[in-house]
Amino acid sequence: MRVAVLFLVLAAAAVVAVRLRAQQAPAPKTNPALNVEQRVNDMLARMTPEEKASMLSGSGWMESQPIPRLDIPAIKMADGPMGVRNWRGSSAVTNAASTVPVTATAFPAGIAMAASWDAALVAREARAIAQEVKALGRDMILGPTVNINRVPLWGRNFEGYGEDPYLAARMGVAYIKAVQAEGVIPSVKHFTANNEEYERHRIDEKIDERTLNEIYFPAFKAAVQEAGVWAVMSAYNKVNGQWCAENPYLLTTTLRKRWGFRGFVISDWGGTYSTEGSINAGMDLEMPGGEPMRIWLAKPETQRDGNGAGWLTADKVMAAVAAGRVKQAFVDDAVRRVLRVMFAAGLFDHPHAGGGDVDTPEQRQVARAAAGESIVLLKNSGGVLPLSAAKLHTIAVIGPNAAVARTGGGGSSLVRPKYAITALDGIKEAAGPHAEAGYAMGAVMEGEDAPKPPQELRDEAVALARRSYAAVVVVGYSPKLEGEGFDRKSMDLPAGQDELIEAVAGANRNTIVVVEAGAPVTMTRWIGQVPAVLYAWYGGQEAGHAIADVLFGAVNPSGKLPVTMPKRLQDSPAYGHYPGENRHVEYAEGIYVGYRGFDKHGVEPLFPFGYGLSYTTFEYSRLQVSPRRVAGGETVDVRVSVRNSGSRAGAEVVQLYLQPPPSPVDRPVKELKGFGRVMLQPGESKTVSFALNRLAMSYYDAKAHGWIAHPGRFTVLAGASSRDIRAKGEFELIR
Ligand code: BGC
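**Student:** How should the overall build of the protein be read in this particular structure?
**Tutor:** Each helix and strand in the protein was counted, giving 21 helices and 26 strands. Against the 2.2 N^0.38 benchmark of 27 Å for 735 residues, the protein shows a C-alpha radius of gyration of 27 Å, consistent with a compact globule. Taking the principal axes of the C-alpha coordinates as reference, the protein spans close to 100 × 65 × 50 Å. Within the protein, the proportion of its 735 residues that are buried is 61%. For the protein, the proportion of contacts with a sequence separation of at least 24, taken over those separated by at least 6, is 77%. Accessible surface, the protein: about 26,900 Å² in total, of which carbon and sulfur atoms supply 53%. Side-chain charges of the protein comprise 80 positive and 76 negative groups, with the mean position of each set lying 4 Å from the other.

Right, here's the structure in full:
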């Protein structure tokens, strides 16, 4: 008994001592001469338990909790990833009561950036975005999205980098490095397997360990290990029975123990469901918080959607610690991780004051270049493209997306730009004053108000097409039909658009279809009737210029598909295992996502992964592999020479696929392991080189919980697409 009393007295004295030290010590106006860990430890030692607990949840919709007593600022966030979305929040510039919208440059969507296969360009875009984040006085951008396109119908496919984990990893790493170099905190999202919006808060996905590691993890792993990412956002969904925000296998075993992640985990907005479950699993910062969270959580629709929030508020965290359900050390760790990133990003030393320029001429130029490089030329028969402005007198610009700029898909990523160039604007400008560019809507966008009956709209378009030299039909989706919070109803174009294309194609043999969408659409109904098709994704505010640049040849198209275009939805490998039943979905196709599935089942796609035409032609030759025999951790070098054999300058994306030898487990026919983009003048040749390391040769073995490179003869395939292999080589892995 006496021992217990003594213990209590000592414990009370210790608490008082910490409090006194915390209150008396001078505010740690930080000392940049110290290293980050020293500064973090110093700060932690000054914090009271209440202050620490308060840092585990936000103070508002887009701000973390500041602690003025210790000069700890709030992390001020902004939604992304394709530009700074206008937001509402508690800071002055983002006053929720403010009626002035925040505008910023709308860059092309993630899927468009992936179609450029140009990591350097993604880096330029991300850098511009980070500069706008700072110019607006914010510290963090909620992106990039690196979730895989598993099914064509996922509403957020446009945000991510397509169906291949290697490509997604390269793009994500480029984005993250560029953002962090600006002292802005990125947040790679959504960890993990956020591949459908249907019941996104409640869906439980059954995914085997190999599939997680080979398909859904690699872009996150690369973000951690190659880019040293500062923050990871957990996904809304459950994986194997547990919500991602309280999933110890994801947040602790995988992210921290296996990959060595040292940044912080932030929850997706309203994606938390427990106090100790989240903290003990490795969640560091719950968003949103404060009054905005409480008001939002009380809304019936928030409850109906299945959001969860308000679990990591200071009082709940303190109570969990007092009750022994959470160790104080876990709370300290969470605070340590947040502070570590804040110091590393320079938020204590160089606060982002705001008041800078956004949408500068340089940023617009990046947006235009990026949109231009992202466009994929799918078909060009009879050389209908490029159009010649000198020879063209009349051009019809038709379609529900012709005179409306669809800069991005819907939801939290949609940027409000200062202006946006429509395809009609761009085409008029490129065609010049001597050409007549007529416009007809042709079909109303599904869900939007129709100015006239459908037949009348179509007849007008047909009449215009008939009297024009060429007809450009701009079709696709809108943010209300493809966006966050819901999946697409089907793979088909929205109502009336197929009919419009067919009608125009019947009236004008130079009909060029431009598709704006974030994922594949069914094209079989009309693809044989039109000579040219461009896939323009969502190209941001400069999309109209970029489309015209490609149509008129100012830009030679070089984009390649980052997703397989199936002939029909039923051909998609995950078909039948989506969206699931009773809030359960089984990823039964396993690792056979995208081209891996088409290859395995011998299904002919409409256009394969990696496909895209140019106005010039390329020849591949002299594929060299060295050494031809490797063992252990030796790297294999592959070189291939590419020549521009046409008459226009152009860029080619050379893709390197690896075909494994027979192994104890079934493996994909081939997998992308490298790519290189080369710009070539007519007649010019360049050598593109790649390095294949042991990991590139490996598969994930679920029994061993690790990567295994099974010995044997590997075939190296260099191609212009996954189904257009132009050069081959071999090497042998001895052991
Ligand atoms: C989205 C996130 C986004 C967050 C904040 C969520 O609904 O899933 O991607 O960053 O909202 O707006």
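Next comes the rest of the account.
**Student:** In this structure, what is going on with the site of the ligand? I would like to understand it.
**Tutor:** Looking at the ligand, there are 14 residues lining it, with Asp79, His190, Tyr236, Asp268 and Glu484 nearest. Between the ligand and aspartate 268 there is a distance of 2.6 Å, counted from an oxygen atom to a side-chain nitrogen or oxygen. Take glutamate 484: an N or O atom from its side chain is 2.7 Å from an oxygen atom of the ligand. Computed on the free molecule, the ligand has an accessible area of 310 Å², of which 94% lies beneath the protein chains in the complex. Counted by class, the shell around the ligand contains 5 nonpolar, 2 polar and 7 charged residues.

**Student:** Can you help me understand the pairing of strand S15 (residues 532-535) in this one?
**Tutor:** Alternating positions in S15 separate into two faces, Ala532 and Leu534 on one and Val533 and Tyr535 on the other, with burial throughout. As judged from the 4 bridges shared by strand S10 (residues 376-380) and S15, these two strands associate in the antiparallel manner. Within S15, the position partnered with lysine 379 by the bridge is valine 533. Judged from the 4 bridges that link them, strand S14 (residues 511-516) and S15 form a sheet pairing that is parallel. Each bridged residue has a counterpart across the sheet, and for isoleucine 512 the counterpart in S15 is alanine 532.

**Student:** Is there a simple way to explain the packing of helix H5 (residues 119-135) against helix H15 (residues 361-374) in this structure?
**Tutor:** A pair of packed helices can be characterised by two numbers: the angle between their axes and the separation between those axes. It is at 10 Å that the axes of H5 and H15 come closest, and there the two elements cross at 145 degrees. Seen from above, H5 lies across H15 with left-handed handedness. Taking contact as the criterion, the partners of Leu121, Arg124, Glu125, Ala128, Gln131 and Glu132 in H5 are, on H15, Gln363, Gln365, Val366, Ala369, Ala370 and Glu373. Its residues assigned to classes, the contact of H5 with H15 shows 5 nonpolar, 3 polar and 4 charged.

**Student:** I would appreciate a short explanation of the packing of H15 against helix H19 (residues 543-551) in the present structure.
**Tutor:** The contact between H15 and H19 brings their axes to 8 Å, and the two run at 45 degrees. Comparing the axis directions of H15 and H19 gives the class oblique. Considering only the axes of H15 and H19, their crossing is right-handed. For the pair H15 and H19, the contacting residues are Arg368, Ala371 and Gly372 in the first and Ala543, His545, Ala546, Asp549 and Val550 in the second.

**Student:** Would you take a moment to explain the packing of aromatic side chains for this structure?
**Tutor:** By the definition in use, this model includes 19 aromatic pairs. Between phenylalanine 191 and phenylalanine 217, the ring centres sit 5.7 Å apart and the planes meet at 35 degrees, which makes this aromatic pair tilted. Here the residue phenylalanine 191 occupies a position in strand S4 (residues 188-191), and phenylalanine 217 occupies one in the loop between helix H7 (209-216) and helix H8 (218-225), the gap between them amounting to 26 residues. Each member of the pair, phenylalanine 191 as well as phenylalanine 217, carries the same accessibility label: buried. Clustering of aromatic rings is evident, with ring pairs tying together Trp117, Tyr166, Tyr595, Phe609, Tyr657 and Phe675. Across the ring face of tyrosine 587, the terminal group of arginine 150 is positioned such that the distance to the ring centre comes to 3.8 Å. Over the ring of tryptophan 311 we find lysine 316, and its NZ or CZ is 5.0 Å from the ring centre.

**Student:** Hey, could you run me through the sheet that holds strand S25 (residues 712-721) in this one?
**Tutor:** Within a sheet, each strand pairs with its neighbour through backbone hydrogen bonds, oriented either parallel or antiparallel. Spatially, the 5 strands line up as an open sheet ordered S18-S26-S25-S20-S21, and their pairing is mixed. Two strands bound the open sheet, and with one partner strand each, they are strand S18 (629-630) and strand S21 (671-680). The pairing of S25 with strand S26 (residues 724-733) spans 9 bridges and is antiparallel. Following the sheet pairing, threonine 715 is matched in S26 by glutamate 730.

**Student:** Help me out: how do you make sense of the confidence of the model for the protein in this one?
**Tutor:** Averaged over every residue, the pLDDT of the protein is 94; residues scoring 70 or more account for 94%. Note on residues 90-97: pLDDT under 50 across the span, and 14 contacts to partners over four residues away in sequence or across chains.

**Student:** Looking at this structure, how should I read the sheet that holds strand S1 (residues 77-79)?
**Tutor:** Strand order in the open sheet formed by 3 strands is S1-S2-S3, with parallel pairing between adjacent strands. Edge strands, defined here as strands with exactly one partner in the open sheet, are S1 and strand S3 (185-186). The pairing of strand S2 (residues 140-142) with S3 spans 2 bridges and is parallel. From the neighbouring strand, methionine 140 faces S3, where its bridge partner is isoleucine 185.

**Student:** Mind showing me how you'd approach the nonpolar core here?
**Tutor:** Here is a general trend for soluble globular proteins: nonpolar side chains tend to be buried in one another's company. With 119 residues, the main nonpolar core has Met47, Ile72, Met77 and Leu339 as its most contacted residues. For this core, the element with the most residues is helix H6 (residues 165-181), which contributes 10 residues. Residues within four places of methionine 77 in sequence aside, it is in contact with Met62, Glu63, Ser64, Arg138, Met140, Leu142, Ile266, Trp269, Leu285 and Met287. Phe158, Val462, Ala471 and Val533 belong to the second-largest nonpolar core, a separate cluster that totals 46 residues.

**Student:** It is not clear to me how the environment of aspartate 208 should be interpreted in this structure. Could you clarify?
**Tutor:** With respect to the element layout, aspartate 208 can be found in the loop between strand S5 (204-206) and H7. A sequence separation of 383 residues divides aspartate 208 from isoleucine 591, and the C-alpha atoms of the two residues are 9.1 Å apart. Polar contacts involving the side chain of aspartate 208 include one to the main-chain amide nitrogen of threonine 211, which spans 2.8 Å.

**Student:** Teacher, can you tell me more about the side chain of threonine 105 here?
**Tutor:** Here threonine 105 is to be found in the loop between S1 and helix H4 (110-116). For threonine 105, the side chain forms a polar contact with the side chain of aspartate 359, separated by 3.2 Å.

**Student:** Could you clarify how one ought to interpret the environment of leucine 561 in this entry?
**Tutor:** By the secondary structure assignment, leucine 561 is in the loop between H19 and strand S16 (584-586). When its relative accessible area of 0% is taken as the criterion, leucine 561 is described as buried. Not counting residues up to four positions away in its chain, the partners in contact with leucine 561 are Trp117, Val376, Leu378, Trp537, Phe607, Pro608, Phe609, Gly610 and Tyr611.

**Student:** How should I be thinking about the pairing of strand S20 (residues 650-659) in this particular structure?
**Tutor:** As a general feature of sheets, a regular strand has side chains that alternate between the two faces. Burial of S20 is extensive: 9 of the 10 residues sit out of reach of the surface. In the sheet, S20 pairs with S21 via 9 bridges, with the strands oriented antiparallel. Looking across to S21, one finds that glutamine 655 is bridged to phenylalanine 675. Pairing geometry for S20 and S25, over 5 bridges, is antiparallel. The residue of S25 that forms the bridge with glutamine 659 is threonine 715.

**Student:** Would you explain unusual backbone geometry in this entry?
**Tutor:** Note: most peptide bonds trans; most residues except glycine with negative phi. Leucine 385 connects to proline 386 through a cis peptide bond whose omega is -5 degrees. Here the phi dihedral of aspartate 71 falls at roughly 60 degrees; this positive angle occurs in a residue that is not glycine. Within the secondary structure, aspartate 71 is located in the loop between helix H3 (49-54) and S1. Look at asparagine 582: it is not a glycine, yet its phi comes out positive at around 45 degrees. Examined against the element boundaries, asparagine 582 turns out to sit in the loop between H19 and S16.

The rules behind each value
Residues numbered from 1 in each chain as written. Predicted model: local features only at pLDDT ≥ 70, side-chain atom pairs only at ≥ 80, totals over all residues. Heavy atoms only, no water. Helix = DSSP H or I, 4+ residues; strand = E, 2+ residues; numbered from the N terminus. Rg over C-alpha atoms; globule rule 2.2 N^0.38 Å. Buried < 20%, exposed > 50% of the residue type's maximum accessible area, 1.4 Å probe, protein only. Contact = heavy atoms within 4.5 Å. Areas by Shrake-Rupley, 256 points an atom, 1.4 Å probe, with all protein chains shown as cover. Lys, Arg positive; Asp, Glu negative; His and termini not counted. Charge placed at Lys NZ, Arg CZ, Asp CG, Glu CD. Near = heavy atom within 4 Å. Polar contact = N/O pair within 3.5 Å; in protein donor to acceptor, adjacent residues only side chain to side chain. Nonpolar A, V, L, I, M, F, W, Y, C, P; charged D, E, K, R; others polar. Pairing = 2+ DSSP bridges. Axes fitted to C-alpha atoms, helices over the stretch in contact; angles between N-to-C directions. Left-handed = near helix turned anticlockwise from the far one by under 90°. Parallel < 35°, antiparallel > 145°, perpendicular 65-115°, else oblique. Phe/Tyr/Trp six-rings, centres within 6.5 Å; stacked < 30°, edge-to-face > 60°. Lys NZ or Arg CZ within 6 Å of the ring centre and 35° of its normal. pLDDT = per-residue confidence, 0-100. Core = buried A, V, L, I, M, F, W, Y, C linked by side-chain atoms within 4.5 Å.

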